[in-house]
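Analysis of the macromolecular model
As a plain string of letters, each chain reads:
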Amino acid sequence: MEKKPFERPLIKRLNAGMPSKFGMHTHIEALTEIDGLKVEDLVAEHGSPLYVLSERILRKTYRDAYNVFSTRYPRVQFAWSYKTNYLDAVCNVFHQEGAWAEVVSGFEYEKAVRNGVPGSRIIFNGPDKQEEDLKLAIQNGSLIHIDHFDELYLLLELAEKGTGKPKVAIRINMDTGIYPQWDRFGFNYENGEAWEALNRILLSEKMELVGLHTHIGTYILTADAYRIAASKLAILATGIERKYGKVIRYIDIGGGFASKNTLKGAYIPGTDAAPSFEEYADAVSSALIKSDIKPENLPLLVLETGRALVDDAGFLLGTVLANKRLADGRRATIADIGVNLLFTSFWYQHEVLPAQEVSQHTEDTTLYGPLCMNIDVIRDAIDFPLLKKGDHIVIKRIGAYNMTQWLQFITYRPRVVMIDESGKVHVIREREDLEHLIRLERIPAHLKSDDARKK
Amino acid sequence: MIRLKKNIAVSDTGFVFDPSTGESFTVNETGMKIIGYLKEGKSSEEITSLITQEYNIDPLSFEKYSQDFMDMLKQYDMLEYEKEV
Ligand SMILES: Cc1ncc(COP(=O)(O)O)c(C=O)c1O
């Protein structure tokens, strides 16, 4: 006779329907497959932990977002925010779909060029552009978004030295009702600093002002903030046309749309709290269309959407290493995914699902990573099924920021695979190895092992 | 020998009631089995053998999970120790 599958025994106190910090109990569905491929098989072949990206979801999300904006506004252009996920395979999916590149460092700029993005389709943002980076960007005709006056003057100097005529926009920070206001970056709208910068650029005639840019923050839950931002940029654009007869070619509204992840401490899950692309698009497009910009001069709308385009396409697979009881009787489960691989666990309550069928029984669990540190908590309170050592877990919506902010710590960073639209698996980043990690190290002669042993 | 306290009530739908504290608990299928065997006065060796015959688990792994389960029963104050006769 076939034996029955074993679930570890559980007894749990009933708390008369009181929601605890673990939330009301909801039935947990296992996530056994990603794009038709078994999680078990993926881990067996590529190891655990494992990052998985779905090309199907990447493209679908991009097309959804593009359709929503382009049916509401005549001219729309996405620029892929490299810092969100700059694995070449991911960038190239977005570039194939038609996205430009948005970069914030010399390194990201080099990557975009290497990925074949024409210079004129690279937006160069951020406060840290080195002189060499700027020279290259000027020569390539890239769109340089000026962050501060020091950069503005450096560009003037380079232009005077004959490097070429920089194509520029300025980054503008403003009050959109969002707290905290990101006023570290760019020139302020309300206090007139933005106008000061614009006057300096337009009067010099050494640079070509092509656009206006803002990035009001990240994971913005109120679409109305974008209406305010777009309106303020439109007011500047009409002012520039009135004063200088200069038509602004594009308005770049930055990134910041929320993904469907749930923030820590939030009462409403992200799937309900995050505005849809439709809501953001309505806010931005109606503000631009209703503005005083002449219809024939309506600027190109540029979007630097990061997390909302890539979060859903990423999955992190892992394995249960051990189960423990904490001193107060609470359950602790240790998995092989540490916070170094899931940086976003510091602010998200990530959805963690079992990768095999489970019963409806669950336990209040703290989910730890394998790092020997107290901060290594993936979920501090999760209503979780009874997994055993060796069982697999899937963490959803991890496509944004984790594959760029990850830290190598005590062990190698794992493989990243992409499932293409036909269900074929491609390794897009190899698991690190010792060779890779020590390649940059240098040992002073007197510390070489032979000498060291003599002492 | 360890025993389940006599007054603990167990329903066959997976609910456990402790009349001395008024508290209710849920158990899953394997938990239910173990509690049933404890009530019948079976030893831990007997329980291990019965469970490993019925379920797909080896004795050593089962011991690990049952130990944890017994700790929870102890924590909920449901066990008593009976002197060997
Ligand atoms: C200038 C700029 N644009 C775009 C983004 C992408 O933002 P998000 O991932 O919130 O859409 C960022 C992220 O910080 C940014 O700094």
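Everything quoted here is computed from the prediction, not taken from an experiment.

What to know about the nonpolar core
Residues and elements named next belong to chain A. Core analysis: the largest hydrophobic core is formed by 125 residues, its most contacted members being F69, I170, L212 and L317. Broken down by element, this core gets its largest block of residues, 9 residues, from helix α8 (residues 224-244). Those residues in contact with F69, other than ones at most four positions away along the chain, are V76, F78, F257, F277, Y280, A281, V284, L301 and L303.

Focus on the pattern of salt bridges
Taken as a whole and assessed by the stated rule, the structure comprises 36 salt bridges over all chains. Two residues, A:K4 and B:E54, come together in a salt bridge whose shortest N-O distance is 3.0 Å. You can see A:K4 sitting in the segment before β1 (11-13) and its partner B:E54 sitting in helix α2 (residues 44-54), one on each of two chains. The exposure class assigned to A:K4 is partly exposed, which follows from its relative accessible area of 34%. Notably, a salt bridge pairs A:R59 with A:E55, separated by 3.0 Å at the nearest N-O pair. Here A:R59 pairs with A:E55, and both are found in helix α2 (residues 55-70), just 4 residues apart, close to one helical turn. The two residues A:R59 and A:E55 agree in class, both being buried. In this structure, a network of salt bridges that share partners links the residues A:R8, A:R325, A:R331, A:E363 and B:D68.

Re the site of the ligand
Residue and element names in this part refer to chain A. Around the ligand sit 15 residues in total, of which T218, G256, E304, G306 and Y401 are the nearest. G306 places a main-chain nitrogen or oxygen 2.8 Å from an oxygen atom of the ligand. Among the residues making up the shell around the ligand, the classes are represented as 1 nonpolar, 9 polar and 5 charged.

Some words on the interface of chain B and chain A
Interfaces are often sized by the amount of accessible area the parts lose when they come together. Between chain B and chain A, the contact holds 30 residues from the first and 21 residues from the second. Overall, the association of chain B and chain A removes approximately 2,300 Å² of surface from exposure, summing both partners, and the carbon and sulfur fraction of that is 58%. For chain B, the biggest contributors to the area lost against chain A are B:T26, B:N28 and B:Y65; these three give 26% of the whole. Across the chain B-chain A interface, the total number found is 5 salt bridges. At the surface where chain B touches chain A, the tally comes to 14 residue pairs in polar contact (both at pLDDT 80 or more). Only β4 (23-27), α1 (29-39), α2 and α3 (59-75) of chain B provide two or more residues apiece to the side of chain B that touches chain A. Sort the elements by how many residues they give to the side of chain B that touches chain A and α3(B) lands first, with 8 residues. In terms of residue class, the side of chain B that touches chain A is made up of 15 nonpolar, 9 polar and 6 charged. Two elements, β1(A) and β4(B), share 3 bridges in a ladder whose sense is antiparallel. Looking at β4(B), one finds that A:I11 is bridged to B:V27.

Reading the values: the criteria
- Residues numbered from 1 in each chain as written.
- Chains lettered and ligands numbered in written order.
- Predicted model: local features only at pLDDT ≥ 70, side-chain atom pairs only at ≥ 80, totals over all residues.
- Heavy atoms only, no water.
- Core = buried A, V, L, I, M, F, W, Y, C linked by side-chain atoms within 4.5 Å.
- Buried < 20%, exposed > 50% of the residue type's maximum accessible area, 1.4 Å probe, protein only.
- Helix = DSSP H or I, 4+ residues; strand = E, 2+ residues; numbered from the N terminus.
- Contact = heavy atoms within 4.5 Å.
- Salt bridge = Lys/Arg side-chain N within 4 Å of Asp/Glu carboxyl O.
- Near = heavy atom within 4 Å.
- Polar contact = N/O pair within 3.5 Å; in protein donor to acceptor, adjacent residues only side chain to side chain.
- Nonpolar A, V, L, I, M, F, W, Y, C, P; charged D, E, K, R; others polar.
- Buried area = accessible area lost by both parts, 1.4 Å probe.
- Pairing = 2+ DSSP bridges.

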